Protein chains: 2
Amino acid sequence: NTAPAHDNIIYGNRGMSLEQEINLSNKYYLESGIAVIHKKPIPIQIVDVCYPKRSAAVIKEAYFKQASTTDYNGVYRGHYIDFEAKETCNRSSFPLNNFHDHQIKHMKACEKQQGICFTIVKFVVRQEIYLMPSHLLFHYWDGREKGRKSIPYEQIKQESYLINYHINPRIPYLKGVDQLINKLKMP
Amino acid sequence: NTAPAHDNIIYGNRGMSLEQEINLSNKYYLESGIAVIHKKPIPIQIVDVCYPKRSAAVIKEAYFKQASTTDYNGVYRGHYIDFEAKETCNRSSFPLNNFHDHQIKHMKACEKQQGICFTIVKFVVRQEIYLMPSHLLFHYWDGREKGRKSIPYEQIKQESYLINYHINPRIPYLKGVDQLINKLKMP
Ligand SMILES: [Mg+2]
Ligand SMILES: [Mg+2]
């Protein structure tokens, strides 16, 4: 690998949101036949549609609905993959109010069916991206009423997989997924 | 099973689209902890959004985008599940123009990753629902330039799994998925 890693870290993410970076990575994975993972469309409640003659239907009134699941899903090497992507400007912890209850419920239901669930967390100030296994999220989420409202950075660093920027794919997060799958297979 | 099967066949689907029937079935599967399978939201191209004070954002102009994948996906017993739902009023065959090229490409890509892909086909006049394995669809699709433009009913009947109406879930299509998985496992 002769990619200039340092340059990637500096230039790799200027002006691009984490979501855009993941979408580009998924495009690469799809076109290379490595995985089929897509961003789910935003759910919309359509109230009024107009059908002009000789042209496409126009939605004239619609509202954003709360997403009932996560941002991304798909299939990779026989595994169902399901994840959220989240950015934070915090340095020392990842706030749990980034999540909704139904997202956590959805991930727990998917894991019950042996799906691979995680969150791609970007610490924007640190320019660090982690693939955080769901057990860590569940642990803090389930204890949030009595305990702290965020996951400490040090904990994420210890129990997650660091994803370094790369040229193509931009965010090679499936490397983290491979490690997670191997770990889950262990007794 | 004491369900009045005949009554179900008669009343089970009055005024309800196949999609609504599948959504209800998925709700049952989800709430029973059997599977996590969702309809993907319709992809929309948003052009204009207005943010009134003190109320929710309103989408004022948007357009329907062509879906690049299939209707449904999710996870069941460790398997990635991906399918289309299609109705036809034809009696003797299922027209291939019900599909788009990118849907077929998507299903082929998912199968390469060991996903379980199929189509739930409803012959409306016959009131029969089949879970049609993708190999049958691919066979006719790949030969459509030179050959026929539809899949014969008799062929679907022979190589697919008949799904009988039930009370809950209304369309117990995971029974067909079980059979399909077992068949795919055989050498
Ligand atoms: Mg997100
Ligand atoms: Mg459909």
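Calculation criteria
- The numbering scheme is per chain: residues are counted from 1 as the chain's sequence reads.
- Here the convention is simple: chains get letters from A, ligands get numbers from 1, in the order in which they are written.
- Given that the model is predicted, a residue must reach a pLDDT of at least 70 before its local features are reported, and side-chain atom pairs must reach 80 or more before they are shown or counted; all residues, however, enter totals for whole chains, interfaces and linings.
- By convention in this description, side-chain values take in all heavy atoms of the structure and omit both hydrogens and water.
- One confidence number per residue, pLDDT, is output by the predictor and ranges from 0 to 100.
- By definition, residues are in contact when any of their heavy atoms lie within 4.5 Å.
- Strands were regarded as paired on the criterion that DSSP finds at least two bridges between them.
- Each helix is a run of H or I in the DSSP string that is no shorter than four residues. Each strand is a run of E no shorter than two, and both are numbered from the N terminus.
- Each axis is a line fitted through C-alpha atoms, taken for helices only over the stretch in contact, and angles between the N-to-C directions span 0 to 180 degrees.
- Ring pairs shown here join Phe, Tyr and Trp side chains whose ring centres sit within 6.5 Å, with only the six-membered ring taken for Trp; geometry is labelled stacked below 30 degrees between planes, edge-to-face above 60, and tilted in between.
- Relative accessible area decides the class of each residue, using a 1.4 Å probe on protein chains only: under 20% of the type maximum gives buried, over 50% gives exposed, and in between gives partly exposed.
- For a Lys NZ or an Arg CZ to count as sitting over a ring, it must be within 6 Å of the ring centre and within 35 degrees of the ring normal.

## Comments concerning the confidence of the model for chain A
Residues and elements named next belong to chain A. Model confidence for chain A is summarised by a mean pLDDT of 91, while 92% of its residues fall at 70 or above. In the model, residues 1-12 has pLDDT below 50 throughout and makes 12 contacts with residues more than four positions away in sequence or in other chains. Note on the complex model: pTM 0.90, ipTM 0.89.

## Regarding the sheet that holds strand 4 (residues 72-76) of chain B
All names here are of chain B. Taken together, 6 strands build an open sheet; the order of strands is 1-4-5-7-8-10 and the sheet is mixed. The strands lining the two open edges of the sheet, one partner per strand, are strand 1 (36-39) and strand 10 (161-163). Strand-to-strand, the axes of this sheet are offset by a mean angle of 25°, without reference to chain direction. Relative to strand 10, strand 8 (residues 128-133) is paired through 3 bridges, and the arrangement is antiparallel. Across the sheet, residue Tyr130 finds its bridge partner in strand 10, namely Leu162.

## Topic: the packing of aromatic side chains
The tally for this structure, following the rule as stated, stands at 21 aromatic pairs over all chains. Ring centres 5.1 Å apart and planes at 90° place the aromatic pair Phe123 of chain B and Tyr153 of chain B in the edge-to-face group. Of this pair, Phe123 of chain B sits in strand 7 (residues 116-123) while Tyr153 of chain B sits in helix 5 (residues 153-159), and the two are 30 residues apart along the sequence. Classification of Phe123 of chain B as buried rests on a relative accessible area of 0%. Through pairs of rings, three or more aromatic residues link up here, namely Tyr28, Tyr29, Tyr72, Phe83, Phe118 and Tyr173 of chain A. Taking NZ or CZ as reference, Lys39 of chain A lies 6.0 Å from the ring centre of Tyr72 of chain A, over its face.

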